[in-house]
Amino acid sequence: MDTEGTYDARGRGADRVPRPAGPPPAAPPPPAYAPAPRRPPSGDAGVEAWLRTPRPVREPGVWRYGHTPRPPEKPDGVSDRSLLVGVLISVLSGLLLWSLWRNGYIPYRLVPLKLFTPGDWWYAGTFGGPRTIEGADALTVYEAVLFGLLVYGCGRMGNWSEIFRRHVAGRGQPFLGLVTAAGGALAELLVWKDAVPLVRPVLILVASVAGGEIYQSQTVVNVLYTLIAVAVLWPFARLGHWRALLATRLGKGAAEPEAPAGPPDAPTPEQWPELRAAGLTDAAEALTAEVRTGRMNDVDVARLRHAWTVGTGHPERLAALTEAVLRAGGAAALHPSGARDLPRRTARHDLLTGQVRLGGCADDPHNPYARRGSGIALEPALLGTSLLAVGPPGAGKTARLVRPVVESLALQALAGRAAVLAVGGAGGELGPDDAFDVVVRIGDPASVHDFDLYGGTTDPDEAAGVLAEGLVGDVTHLDSRRAATVLAQLLGPYRAVHGHFPGVPALRELLDGDLAATGALREALGAGGHQTMLRELEARTRQKGGAGDPGPVLADRIALLDRPAFAPFFATGEDARPFSLRSLEHLPLRVRIDLPERAHAEASRLLTRLVLAQFTAIAAARADRSLFVCLVLDDATHTVTPETVRGVRRLRSVNAGALLTLRTVDDVPEGLHTALLGAFGCCMAFSGVTTWDGKRFAEVWGKEWVETREVAQHAVFADQPFTRALHGLRKLVTGKAVTRDAVTVRRVERERWSASELAYQLPAGHAVLSLTTVDGEHAPPLLVELGG
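None of these values were measured; they are calculated from a predicted model. (Residues numbered from 1 in each chain as written. Predicted model: local features only at pLDDT ≥ 70, side-chain atom pairs only at ≥ 80, totals over all residues. Heavy atoms only, no water.)

**Quick word on the overall build of the protein**
And step 1. Counting its secondary structure elements, the protein contains 27 helices and 14 strands.
And step 2. For 788 residues, the compact-globule estimate of 2.2 N^0.38 gives 28 Å, and the C-alpha radius of gyration of the protein, at 40 Å, exceeds that figure by more than 25%.
And step 3. For the protein, the C-alpha atoms occupy an extent of roughly 145 × 75 × 35 Å along the three principal directions.
And step 4. Within the protein, the proportion of its 788 residues that are buried is 47%.
And step 5. As displayed, the protein offers around 39300 Å² of accessible surface, 57% of which is attributable to carbon and sulfur atoms.
And step 6. Both charge centroids of the protein, one from 84 positive and one from 84 negative side chains, sit 7 Å from each other. (Helix = DSSP H or I, 4+ residues; strand = E, 2+ residues; numbered from the N terminus. Rg over C-alpha atoms; globule rule 2.2 N^0.38 Å. Buried < 20%, exposed > 50% of the residue type's maximum accessible area, 1.4 Å probe, protein only. Areas by Shrake-Rupley, 256 points an atom, 1.4 Å probe, with all protein chains shown as cover. Lys, Arg positive; Asp, Glu negative; His and termini not counted. Charge placed at Lys NZ, Arg CZ, Asp CG, Glu CD.)

**Looking at the pattern of salt bridges**
And step 1. The final tally for this structure, using the stated rule, is 37 salt bridges.
And step 2. The salt bridge partner of arginine 292 is glutamate 48, with a shortest N-O separation of 3.9 Å. Taken together, the positions of arginine 292 in helix α11 (residues 281-292) and glutamate 48 in helix α1 (residues 47-52) put the pair 244 residues apart, joining distant regions of the chain.
And step 3. Judged by its relative accessible area of 44%, arginine 292 falls in the partly exposed class.
And step 4. The shortest N-O distance in the salt bridge between arginine 52 and glutamate 270 comes to 2.5 Å. Taken together, the residues span a long stretch of sequence, with arginine 52 in helix α1 and glutamate 270 in the loop between α9 (242-249) and α10 (273-277) at a distance of 218 residues.
And step 5. Given a relative accessible area of 0%, glutamate 270 falls into the buried group.
And step 6. Here the residues in one salt-bridge network are Glu48, Arg52, Glu270 and Arg292, joined through shared partners. (Salt bridge = Lys/Arg side-chain N within 4 Å of Asp/Glu carboxyl O.)

**With respect to helix α7 (residues 199-210)**
And step 1. Over its twelve residues, α7 runs 16 Å from end to end, which matches the ideal 16 Å to within 8%, given 1.5 Å per residue.
And step 2. Residues of α7 that are buried include every one of Val199, Pro201, Leu203 and Ile204, and no others.
And step 3. Residues of α7 that are buried in the fold lie against α4 (133-157), α6 (175-192) and α8 (218-240).
And step 4. In the segment just after α7, glycine 211 is the residue with positive phi, at about 95°. (Expected span 1.5 Å × (residues − 1). Contact = heavy atoms within 4.5 Å.)

**Looking at unusual backbone geometry**
Glycine aside, residues mostly have negative phi, and peptide bonds are mostly found in the trans state.
And step 1. In this structure, the amide linkage connecting glutamine 173 to the following residue, proline 174, adopts the cis form with an omega of 0°.
And step 2. Tracing the sequence through the fold places proline 174 in the loop between α5 (160-167) and α6.
And step 3. Phi at alanine 333 is positive, roughly 55°, even though this residue is not glycine.
And step 4. By relative accessible area, which is 1% here, alanine 333 ends up buried.

**Quick notes on helix α25 (residues 691-701)**
And step 1. Buried within α25 are the following residues: Asp693, Gly694, Arg696, Phe697, Ala698 and Trp701.
And step 2. Glycine 702 sits one or two positions beyond α25 and adopts a positive phi of about 70°.

**Structural notes on the pairing of strand β7 (residues 590-595)**
And step 1. Taken across its six residues, β7 has six buried, putting it largely inside the fold.
And step 2. Side chains Arg590, Arg592 and Asp594 project from β7 onto one buried face, and the interleaved Val591, Ile593 and Leu595 project onto a second face that is buried too.
And step 3. Pairing of strand β6 (residues 438-441) with β7, which is carried by four bridges, proceeds in the parallel orientation. Within β7, the residue paired with valine 438 across the bridge is valine 591. (Pairing = 2+ DSSP bridges.)

**Re the packing of aromatic side chains**
Here the distance between the centres and the angle between the planes together describe a pair of aromatic rings.
And step 1. For the structure shown, the criterion picks out eight aromatic pairs.
And step 2. Aromatic side chains tryptophan 101 and tyrosine 142 sit 5.8 Å apart centroid to centroid with 55° between the ring planes, which places their arrangement in the tilted category. With tryptophan 101 in helix α2 (residues 80-102) and tyrosine 142 in helix α4, this pair connects stretches of sequence that are 41 residues apart.
And step 3. For tryptophan 101, a relative accessible area of 10% gives the class buried.
And step 4. Ring geometry for tryptophan 192 against tyrosine 225: centres 5.4 Å apart, planes inclined by 85°, an arrangement best described as edge-to-face. A residue pair is termed long-range when its members are at least 10 positions apart, and tryptophan 192 in helix α6 and tyrosine 225 in helix α8 qualify at 33 residues.
And step 5. Classification of tryptophan 192 as partly exposed rests on a relative accessible area of 37%.
And step 6. In this structure tyrosine 225 comes out as partly exposed when scored by relative accessible area, which is 34%.
And step 7. Among the aromatic side chains, those forming a connected cluster through ring pairs are Phe566, Phe569 and Phe570.
And step 8. Just above the ring of phenylalanine 175 sits the side chain of arginine 171; from NZ or CZ to the centre is 4.0 Å. (Phe/Tyr/Trp six-rings, centres within 6.5 Å; stacked < 30°, edge-to-face > 60°. Lys NZ or Arg CZ within 6 Å of the ring centre and 35° of its normal.)

**With respect to the nonpolar core**
And step 1. Counting 94 residues, the largest nonpolar core has Leu421, Phe451, Leu487, Leu561, Phe570 and Ile593 as its most contacted members.
And step 2. If one sorts the elements of this core by residue count, helix α22 (residues 601-620) sits on top with ten residues.
And step 3. Aside from chain neighbours lying at most four places away, what touches leucine 487 is Ala464, Leu467, Ala468, Leu471, Leu507, Leu511 and Leu554. (Core = buried A, V, L, I, M, F, W, Y, C linked by side-chain atoms within 4.5 Å.)

**A look at the side chain of arginine 622**
And step 1. As for its position among the elements, arginine 622 is in the loop between α22 and β8 (628-633).
And step 2. Despite being buried, arginine 622 has no salt bridge partner; aspartate 624 is the closest side chain of opposite charge, sitting 6.6 Å away.
And step 3. Side-chain polar atoms of arginine 622 contact the backbone oxygen of leucine 627, separated by 2.8 Å.
And step 4. Of note is the side chain of arginine 622, whose polar atom sits 3.1 Å from the backbone oxygen of asparagine 655.
And step 5. Once you skip the residues sitting within four places of it in the chain, arginine 622 turns out to touch Glu585, Leu627, Val629, Val654, Asn655 and Ala656. (Polar contact = N/O pair within 3.5 Å; in protein donor to acceptor, adjacent residues only side chain to side chain.)

**Here we look at the confidence of the model for the protein**
And step 1. When pLDDT is averaged across the protein, the result is 86; 91% of the residues are at 70 or more.
And step 2. Element-level pLDDT for the protein is lowest in helix α26 (residues 721-734), with a mean of 75, against a maximum mean of 97 in strand β4 (residues 387-390).
And step 3. In this model residues 1-35 is a low-confidence stretch, pLDDT under 50, and it forms 74 contacts with partners more than four residues away in sequence or in other chains. (pLDDT = per-residue confidence, 0-100.)

**As for the side chain of threonine 353**
And step 1. Positionally, threonine 353 belongs in the loop between β1 (349-350) and β2 (355-361).
And step 2. Judged by its relative accessible area of 14%, threonine 353 falls in the buried class.
And step 3. Here the side chain of threonine 353 touches aspartate 350 through a polar contact of 3.0 Å, side chain to side chain.

**Focus: the packing of helix α18 (residues 504-512) against helix α21 (residues 551-559)**
And step 1. Following both chains from N to C, one finds α18 and α21 inclined at 155°, their axes separated by 8 Å at the closest point. With respect to each other, α18 and α21 are oriented roughly antiparallel. As for the relative orientation of α18 and α21, their crossing is left-handed in sense. In this structure, α18 contributes Val504, Leu507, Arg508, Leu511 and Asp512 to the contact, and α21 contributes Gly551, Leu554, Ala555, Ile558 and Ala559.
And step 2. Residue composition of the contact of α18 with α21, grouped by class: seven nonpolar, one polar and two charged. (Axes fitted to C-alpha atoms, helices over the stretch in contact; angles between N-to-C directions. Parallel < 35°, antiparallel > 145°, perpendicular 65-115°, else oblique. Left-handed = near helix turned anticlockwise from the far one by under 90°. Nonpolar A, V, L, I, M, F, W, Y, C, P; charged D, E, K, R; others polar.)

What follows is the structure, encoded as structure tokens:
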């Protein structure tokens, strides 16, 4: 297949994918051109809108596609009931004070005014009123000033601004405009009815400055009345944003941005600015037309962007890619399978960032305020530190975590950026067959592909080390290094004679010490002049049956694979071409291995250990680490060994990762609990975990400093009758006795999540997830609503 040099430059073509072993017919070759599906890439947006959607850089795990930061946290305010009671009391108090003032019941009310005005304006005595017209005018202005101060004081005491902000401004337009308009109309009515002292004081002040003869002109009077009316309405117009509301209603677009971020003619993302900047205008125009006419999907965009990035440093690749784009458009640089999308998607994906959305952060006090309500997503930068998920059966590990991650990695493999190996039980829970390039069904006679027990290596010592880890890595009293030595003493001589490693029956005979098999191998070694390998075989013969000999245990374990159901599998002859995990070194493959967990549980666990050991060894030994390779084990029960824990820890430095799921941490030997949880940068606890598992996660996630407030309420006892009456009135209004609060603020260290909270307070369909990137950025354990 023509890959425009995208994969051939690595020395491997599509025809190098390992094909079937044995008689099953090969699948038909993929078409050279696969039409792009019309499925929207993310949500309901088309490709053009998808490309334009902002993706701000946020904390690890935030779903960046269209992310909008949460508004700043508002401090706990006064309750609505207290606000309404405060407004009512302040209004009633203001009316009472104003009534007492107007009726002369407040003593010495004119003393401040008389101090600053001539004495002949007033009658003698403390309660003497105005004597002249000037005194009456001064009293009118004085009362207007005091009325303004009274309104301001009542507004501050009754917290009128807060109730306006919460119940009027908070509801937005047009409610805000209507309420302020009604308030302005009421204010105008009160002003012109002289219920509010404003018109007469203004006229008096103007006359005192400009002279009384100014009012002989009706025009001047009308202008003053207009100015007063506008001044009354101006505060309400400001509060109600009348100008913005009017501009919106008239379609003037007041909310439009003032200026674009870049030049007016700057290309938008769907116009491929990186190609235009490199002078490839024709290719950019071709791809722009493909996007706008709906002939490209998100996989095509991600694949071509990746091909462009890879080809930037190689002019020959860039020339081939440009020619392919002009010839095939969005179908250029296809995946070796020819596929341009998966048959079906079950999760939301954003291939520009490589993220898959798992759910959303719950609105829970355990989560930071800024993360509540935001989406939670995984990406290669997080999977590169590996992820361990623990939860009972039925908690949603496969459907809500494993399947979306496998799907995301498969899409990235189609884009040429990743390779995925998914291992699970038979049944198709990891995805349909046509979503993978290679499907190995161990134990199924109809399987198209076989599996290589030796990982594709030709080194006997390397093959023995990996095979020993898979066979006896879980046996605590047996040293896997001794087991590897025993296997190497048999694999090396056998390969020297036959040119390949032994199959399962032959290896079982050699481990059992069968005299005929051992004698035939000895004679062949002597006849071939392989003296070094002959000494290896003789050493194995001498050690056989000694104290601590791992041979019998190895023979018992390999016997699990020497069953009639596995007879067509694990072939090693010249005609056998089993699938090897080494194919993941250079090719963006999508591989699924189905294990016979129901009929052969022990054999399935052995094979799972072997796959994990092979993956960690091959991923660490890769020379080309441009592809992100990831192993997904749907059930890692009795799979983890000390060596594989060390291997998983090394994955983050070689652009690789692993996702393992467990029913409980006790499925791993107790001595490995601490090392296991420390090797994984991301940990996930599903609802239903036990308190024992919760305790281990609580230790991993540690503690944090929190501020606690302890409030002690003490009753207030009044001695004076008037004070007791006020307390009684307050209790009648609020329904609570009068108390005094004693607040104590402390900083204490508490567990982020306790064992009991993880075991009993996680709702169904939720999980707690902590994240770490390969660069060392951390996200605290977050309560996630899966699928939310």
